[in-house]
Amino acid sequence: MIVLSADFVKSATDARGWPPAGPDEFAFCGRSNVGKSAALNALAARKSLARVSRTPGRTRLINFFDIRAAEKTRSGGRGAEHHLVFADLPGYGFASGKRAETVKWREMIEEYLRGREVLRALIVLVDGELGAQPSDVEMVRWGESLDHRIVVAATKLDKLSRNRRDQQIDRIAGQLAVPKVVGISAHELFGIDELWREMLADPAP
Ligand code: GDP
């Protein structure tokens, strides 16, 4: 994908703060520290669109980004253009785990998942080294129960030896009971185009 522009739009805590419904939206979620900011930066081909390495779990806002991108043709030219929005959801599974915070997080995400009509897919990022955690399973089931298309990506795969990567991807797909998991590395920049393709693919009939 060739990213033509990537701009921060705004942050919001609730529906009143969301930008007006516009282009198709893709929401990203995952446990704190999963590599979500790095993955967003890699997808947007920007060094610091989403800040990397905030204090885990401190950000309790949904951040919206406006993205324009063009597909790469076989000859390396510019193909079909896409205008879309990335919604960066606050991470879950934060270690401090104060109950009141967890409840607030849940309400914020629930309002978004139920009320955002332009949401086209929920991208659940799972730590590729660690494998899926119970909170990841819960997130996937939650998204599915609200009829959202789920795309799962396993992050930080550069940390695994090449011959373990496919094995770990299969394991995570099994843990989450999903048909496909895209393996990515934001550091070595592999799997990023595949994730783009998966996000934009038409949902299975
Ligand atoms: P977030 O809390 O989910 O937004 O996670 P960050 O993107 O801030 O990343 C958390 C930590 O994981 C940082 O120390 C990153 O450098 C590291 N990290 C993120 N992506 C990768 C990756 O693809 N490979 C490796 N090896 N480390 C990564």
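Residues numbered from 1 in each chain as written. Predicted model: local features only at pLDDT ≥ 70, side-chain atom pairs only at ≥ 80, totals over all residues. Heavy atoms only, no water.

**Q** Quick question: what am I supposed to make of the nonpolar core here?
**A** Within soluble globular proteins, side chains that are nonpolar tend to cluster in buried spots. Formed by 35 residues in total, the largest nonpolar core has its most connected members in Tyr112, Leu113, Leu122, Val124 and Met139. When residues of this core are traced back to their parent elements, those giving at least two are β2 (25–30), β3 (62–72), β4 (78–88), α2 (99–115), β5 (119–127), α3 (134–145), β6 (150–155) and α4 (162–176). Among the elements that line this core, the one with the most residues is α2, at five residues. Those residues in contact with methionine 139 that lie beyond four places of it in its chain are Cys29, Tyr92, Trp105, Ile109, Leu113, Leu122 and Val124. If you look at the next biggest cluster of nonpolar residues, it comprises 30 residues, including Leu49, Ile67, Val151 and Ile184. (Core = buried A, V, L, I, M, F, W, Y, C linked by side-chain atoms within 4.5 Å. Buried < 20%, exposed > 50% of the residue type's maximum accessible area, 1.4 Å probe, protein only. Helix = DSSP H or I, 4+ residues; strand = E, 2+ residues; numbered from the N terminus. Contact = heavy atoms within 4.5 Å.)

**Q** Quick question: what am I supposed to make of the layout of surface pockets here?
**A** Left-over empty space is what a probe sized like a water molecule reveals as it rolls over the atoms. Here the second largest pocket is characterised by a volume of approximately 330 Å³. If you go around the second largest pocket, you meet 19 residues; those closest to its centre are Asn41, Ala42, Ala45, Ala186 and Leu189. Put simply, the parts of the chain that give the lining of the second largest pocket at least two residues each are β1 (2–12), α1 (36–44) and α5 (192–200). Sorting elements by how many residues they give to the lining of the second largest pocket places α1 first, with four residues. Each residue belonging to the lining of the second largest pocket can be placed in one class, and the counts come to twelve nonpolar, three polar and four charged. (1 Å grid on protein atoms, 1.4 Å probe; cavity = no way out; pocket = protein on both sides within 12 Å on 5 of 7 lines; lining within 4 Å. Points joined across faces, edges and corners; volume = space filled by probe spheres on them. Nonpolar A, V, L, I, M, F, W, Y, C, P; charged D, E, K, R; others polar.)

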